[in-house]
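This is what each chain is made of:
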Amino acid sequence: RSPETNDKLRAKSSGVAKKSLHMQGKAIDIRLPGVSLEQLHTRALSLRAGGVGYYQRSNFIHLDVGRVRNWRG
């Protein structure tokens, strides 16, 4: 994600970090056809590696290689 895109997203949402790991290629937002968001979230948490965000309204899971943590957005 470019700094410009990150700034645009931050202007629309309070949940976007100023120094997002997306800009360093260390984060991704995903959804998988045929796999429920809840299943994907549970599997991601089971890895116990990096950050896992659950965004039900936006229909995606955030994964990153930062410290182990999780949240719901």
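Just so you know, these numbers come straight off a predicted model, no measurement behind them.

Caption draft 1: Structural detail: the nonpolar core. Judged by nonpolar contacts, Ile-30, Leu-37, Leu-40, Ala-44, Val-52, Tyr-54 and Ile-61 together constitute the single largest core of 7 residues. Among the elements that line this core, the one with the most residues is helix α2 (residues 37–46), at 3 residues. Discounting chain neighbours no more than four positions away, the residues touching Ala-44 are Val-52 and Leu-63.

Caption draft 2: Representation of the packing of aromatic side chains within the structure. Following the criterion strictly, the structure yields 1 aromatic pair and no others. Where Tyr-55 meets Phe-60, the ring centres are 4.7 Å apart and the plane angle is 20 degrees; that geometry is what we call stacked. The side chain of Arg-72 reaches across the aromatic face of Tyr-54, ending 4.2 Å from its centre.

Caption draft 3: Main features of the layout of surface pockets. For the largest pocket, the calculated volume is near 430 Å³. With 3 residues, the single largest contributor to the lining of the largest pocket is strand β3 (residues 60–64). In terms of residue class, the lining of the largest pocket is made up of 8 nonpolar, 6 polar and 6 charged.

Caption draft 4: How the structure looks around the pattern of salt bridges. The full count for this structure, using the stated rule, is 2 salt bridges. We note a salt bridge from Asp-29 to Arg-1, for which the minimum N-O separation is 3.8 Å. Taken together, the residues Asp-29 in strand β1 (residues 27–30) and Arg-1 in the segment before α1 (3–12) connect sequence positions 28 residues apart. Looking at Arg-1, the relative accessible area reads 31%, which means it is partly exposed. With its nearest N and O atoms 2.8 Å apart, the salt bridge here joins Arg-69 to Asp-64.

So, how was this worked out
- Residues numbered from 1 in each chain as written.
- Predicted model: local features only at pLDDT ≥ 70, side-chain atom pairs only at ≥ 80, totals over all residues.
- Heavy atoms only, no water.
- Core = buried A, V, L, I, M, F, W, Y, C linked by side-chain atoms within 4.5 Å.
- Buried < 20%, exposed > 50% of the residue type's maximum accessible area, 1.4 Å probe, protein only.
- Helix = DSSP H or I, 4+ residues; strand = E, 2+ residues; numbered from the N terminus.
- Contact = heavy atoms within 4.5 Å.
- Phe/Tyr/Trp six-rings, centres within 6.5 Å; stacked < 30°, edge-to-face > 60°.
- Lys NZ or Arg CZ within 6 Å of the ring centre and 35° of its normal.
- 1 Å grid on protein atoms, 1.4 Å probe; cavity = no way out; pocket = protein on both sides within 12 Å on 5 of 7 lines; lining within 4 Å.
- Points joined across faces, edges and corners; volume = space filled by probe spheres on them.
- Nonpolar A, V, L, I, M, F, W, Y, C, P; charged D, E, K, R; others polar.
- Salt bridge = Lys/Arg side-chain N within 4 Å of Asp/Glu carboxyl O.

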